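Secondary and tertiary structure notes
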Amino acid sequence: MAKTEVSIAGGKITVIVQDKYDVYEKPLPAGIDSNINWLGNFGISEKQSGKKLNGKVPKYEIQTPDVAGKKLVYWTGSEKKEVPGQKTITKKDKKFRVGELDLGDPPIGMDR
């Protein structure tokens, strides 16, 4: 299935979703862990209907510039968790931290 890359948070996060979905930016929620360097927050919607998806969605990839020794995390609504399947890749001579998620609206950050 074809994929679409969407850059958000001033280029700090790239979200790669199936091409039938859109990615939109959202403000960071109140009450998130202040010990995390939060990069941004986003939601996923169906391209055809515009319906915003909550909870589980088809898996997608996120990419952020890599920071040595730091882990990519997301906010569940009550706690931070490590993004599953993390690895570092090199793209156009730059290092990126990548991982996969299946949540409709996670704030993304780097553990300090």
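Structural data are supplied above this passage.
Residues numbered from 1 in each chain as written. Predicted model: local features only at pLDDT ≥ 70, side-chain atom pairs only at ≥ 80, totals over all residues. Heavy atoms only, no water.

1. As for the environment of Glu-5
Relative to the helices and strands, Glu-5 resides in strand S1 (residues 3-8). Classification of Glu-5 by relative accessible area gives exposed; the value is 53%. Put simply, Glu-5 and Asp-102 are 97 residues apart on the chain and 16 Å apart in space, counted from C-alpha to C-alpha. When sequence neighbours within four positions are dropped, the list of residues in contact with Glu-5 reads Thr-14, Val-15, Ile-16 and Lys-91. (Helix = DSSP H or I, 4+ residues; strand = E, 2+ residues; numbered from the N terminus. Buried < 20%, exposed > 50% of the residue type's maximum accessible area, 1.4 Å probe, protein only. Contact = heavy atoms within 4.5 Å.)

2. Section: the pairing of strand S2 (residues 13-18)
With 6 of its 6 residues buried, S2 lies for the most part within the structure. The pairing of S1 with S2 spans 6 bridges and is classified as antiparallel. Its bridge partner lying in S2, Ser-7 is registered against Thr-14. The hairpin turn running from S1 into S2, its antiparallel successor, is 4 residues long, and Ala-9 in that turn takes a positive phi close to 55°. As paired elements, S2 and strand S6 (residues 56-65) share 3 bridges and run antiparallel to each other. Following the sheet pairing, Thr-14 is matched in S6 by Gln-63. (Pairing = 2+ DSSP bridges.)

3. What to know about the nonpolar core
If you look at the biggest cluster of nonpolar residues, it comprises 21 residues, and the most contacted ones within it are Ile-8, Val-15, Phe-42, Ile-44, Tyr-60, Ile-62 and Ile-108. For this core, the elements supplying multiple residues, two or more each, are S1, S2, strand S3 (21-26), strand S4 (36-46), S6, strand S7 (72-75) and strand S11 (107-111). With residues up to four places along the chain from it excluded, the contact list for Ile-108 reads Ile-13, Trp-38, Leu-39, Gly-40, Phe-42, Ile-62, Leu-72, Val-73, Tyr-74 and Leu-101. Core analysis: the second largest hydrophobic core is formed by 5 residues, Ile-32, Ile-36, Val-73 and Trp-75 among them. (Core = buried A, V, L, I, M, F, W, Y, C linked by side-chain atoms within 4.5 Å.)

4. Side note on unusual backbone geometry
Unusually for a residue other than glycine, Ala-9 sits at a positive phi of about 55°. When you line up the elements, Ala-9 lands in the loop between S1 and S2. The phi dihedral of Asp-93 falls on the positive side, at around 65°, and the residue is not glycine. Along the chain, Asp-93 falls in the loop between strand S9 (87-91) and strand S10 (94-103).

5. Things to note about the packing of aromatic side chains
Enumeration over the complete set of coordinates arrives at 2 aromatic pairs. Considering the side-chain rings of Phe-42 and Tyr-60, the 5.9 Å spacing of their centres and the 75° angle between planes classify their relative orientation as edge-to-face. Here the residue Phe-42 occupies a position in strand S4, and Tyr-60 occupies one in strand S6, the gap between them amounting to 18 residues. When sorted by exposure, Phe-42 lands in the same class as Tyr-60, which is buried. Residue placement shows Lys-52 over the ring face of Tyr-24; its charged tip is 4.8 Å from the ring centre. If you follow Lys-91 out to its NZ or CZ, it ends over the ring of Phe-96, 5.4 Å from the centre. (Phe/Tyr/Trp six-rings, centres within 6.5 Å; stacked < 30°, edge-to-face > 60°. Lys NZ or Arg CZ within 6 Å of the ring centre and 35° of its normal.)

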